[in-house]
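# Examination of the molecular architecture
Residue-level listing of the chains:
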Amino acid sequence: MLAYTVRRILVSVPVLIASTFVVFLVVVNSGDPVANYATSRQPAPNRAAVAAFARRLHADQPAVERYWNWITGVLHGDFGPSVQTNLNIGHDLFTRFEVTVTLVAGAMAVALVLALVFGVFSAIRQYTAADYSITFVGFLFLAMPVFWFAVLLKQAGVWFNRRTGSQFLGTIGEKSSYLEVDTPWHQFTDRVGHLVLPVITLALVHFASWTRYTRASMLEVLGSDYVRLARAKGLRRRRVLTRHALRTALIPLVTVTALDIAGILGGAVITETIFQWHGMGEMLVQSAQTVDVYRLMAWLLLSAVVVIVFNLAADLLYAVLDPRIRYD
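Residues numbered from 1 in each chain as written. Predicted model: local features only at pLDDT ≥ 70, side-chain atom pairs only at ≥ 80, totals over all residues. Heavy atoms only, no water.

Let us now look at the overall build of the protein chain. Counting its regular elements, the protein chain contains 13 helices and zero strands. Along the protein chain, helices and strands appear, N-terminal first, in the series α-α-α-α-α-α-α-α-α-α-α-α-α. Along the first, second and third principal axes, the C-alpha set of the protein chain runs to 85 × 60 × 40 Å. Per-residue burial over the protein chain gives 42% buried out of 328 residues. Across the protein chain, the fraction of contacts at a sequence separation of at least 24, relative to all contacts at a separation of at least 6, is 75%. Accessible surface, the protein chain as shown: approximately 18,400 Å² in total, 65% of it carbon and sulfur. The protein chain carries 28 positive and 20 negative side-chain charges, and their two centres are separated by 11 Å. (Helix = DSSP H or I, 4+ residues; strand = E, 2+ residues; numbered from the N terminus. Buried < 20%, exposed > 50% of the residue type's maximum accessible area, 1.4 Å probe, protein only. Contact = heavy atoms within 4.5 Å. Areas by Shrake-Rupley, 256 points an atom, 1.4 Å probe, with all protein chains shown as cover. Lys, Arg positive; Asp, Glu negative; His and termini not counted. Charge placed at Lys NZ, Arg CZ, Asp CG, Glu CD.)

Next comes the structure, spelled out in structure tokens:
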């Protein structure tokens, strides 16, 4: 297991290095912050100010030198200069990442639980009314655009608060700007209340496809020879499902979850924008609007690291779920 883990980690290193090249080339060629600075300011800055701005952003250097300075700076915790002189990109990135990771982790946890429960139940009750109902609901949520579903839930939260006379379901921001009673418990319940609607938005959209994967995988495993043999030996049905069938059926779900993490981050950008969270979604939008290339590269690099880490975790979980994958 240790050798397998080390090999998977070593394979991930060149992927991460290649992602830094891709991130740098895409962002550098997507916009010119110097040209944006020269044309967006009123009154227009003089040539000396534009030249000083270009030097501060290292825009006067060759692309190879810019990349080397950027990546070596990242290794030392310096993500480069922002177009905003008073903004530390590293501090801003990880502060916002803490906000976003709460949303993404909560949505993934809810989606995985729902996918396991309804996927396994749908497989066991194949071609019954319950199976058809779960399939219909799954395709319904799968067809819903994230932005439209988020707007509907936000309006539903406003309606709920008005009808109940409470402010439990937060619809703006990741926390309230002011609490009448500022205690740890009230802070916790306030955060939970603001988390409910965004988590439901992301979780239900992704649980739909994950449920279908779980159902299909479970049906395939239930029809395999070793499951029929376990039943023939007289093992209890629950033991066969949990110890034999479900463990193998989880492998496709692990794969699709790791692959969907990029889609979840993309959905989080839309969800955070609608619910006005100050997370990585807002950072991405602001960076694109102001052509803040180093801030945008920091966002993309961290997203790439998250995707690579999730795929690495999926590779390691394969070996846990199926010992045959532990190559010598």
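Here the narrative resumes, following the displayed structure.
On to empty space enclosed by the protein, then. Taken as a whole and assessed by the stated rule, the structure comprises one cavity of 30 Å³ or more. The space that makes up the largest cavity amounts to roughly 30 Å³. If you trace the largest cavity, you find it lined by T100, L265, A268, V269, E272, M280, G281 and W299. When contributions to the lining of the largest cavity are tallied by element, the ones reaching two or more residues are α11 (261-275) and α12 (280-290). Split by residue class, the lining of the largest cavity holds five nonpolar, two polar and one charged. (1 Å grid on protein atoms, 1.4 Å probe; cavity = no way out; pocket = protein on both sides within 12 Å on 5 of 7 lines; lining within 4 Å. Points joined across faces, edges and corners; volume = space filled by probe spheres on them. Nonpolar A, V, L, I, M, F, W, Y, C, P; charged D, E, K, R; others polar.)

Counting through the fold element by element, I17 comes out in helix α1 (residues 2-28). Since its relative accessible area comes to 45%, I17 is described here as partly exposed. Residues I17 and Q289, 272 residues apart in the sequence, show an inter-C-alpha distance of 27 Å.

It is worth spelling out the packing of helix α6 (residues 129-143) against helix α8 (residues 184-222) at this point. Where α6 contacts α8, the two axes come as close as 7 Å, and the packing angle between them is 135°. Taken together, the axes of α6 and α8 are oblique relative to one another. Two packed elements cross with a definite hand, and for α6 against α8 that hand is left-handed. For the pair formed by α6 and α8, the contact residues are D131, I134, T135, G138, F139, F141 and L142 on the first element and L204, V205, F207, A208, S209, T211, R212 and R215 on the second. Of the residues that constitute the contact of α6 with α8, the class distribution is eight nonpolar, four polar and three charged. (Axes fitted to C-alpha atoms, helices over the stretch in contact; angles between N-to-C directions. Parallel < 35°, antiparallel > 145°, perpendicular 65-115°, else oblique. Left-handed = near helix turned anticlockwise from the far one by under 90°.)

Let us look at helix α10 (residues 237-259). If you check α10, its first and last C-alpha atoms are 32 Å apart, about what 23 residues at 1.5 Å a residue would give, namely 33 Å. At L246, α10 shows its largest kink, close to 45°. Listing the buried residues of α10 in full gives V240, L241, A245, A249, I251, L253, V254, V256, T257 and A258. Each element contacted by the buried residues of α10 is listed here: α5 (89-124), α8, α9 (225-232), α11 and α13 (293-321). (Expected span 1.5 Å × (residues − 1). Bend = angle between axes of the 7 residues up to and from the residue.)

The next subject is the side chain of D292. Tracing the backbone shows D292 in the loop between α12 and α13. No salt bridge is formed by the buried D292. Its closest oppositely charged neighbour is R295, at 4.7 Å. (Salt bridge = Lys/Arg side-chain N within 4 Å of Asp/Glu carboxyl O.)

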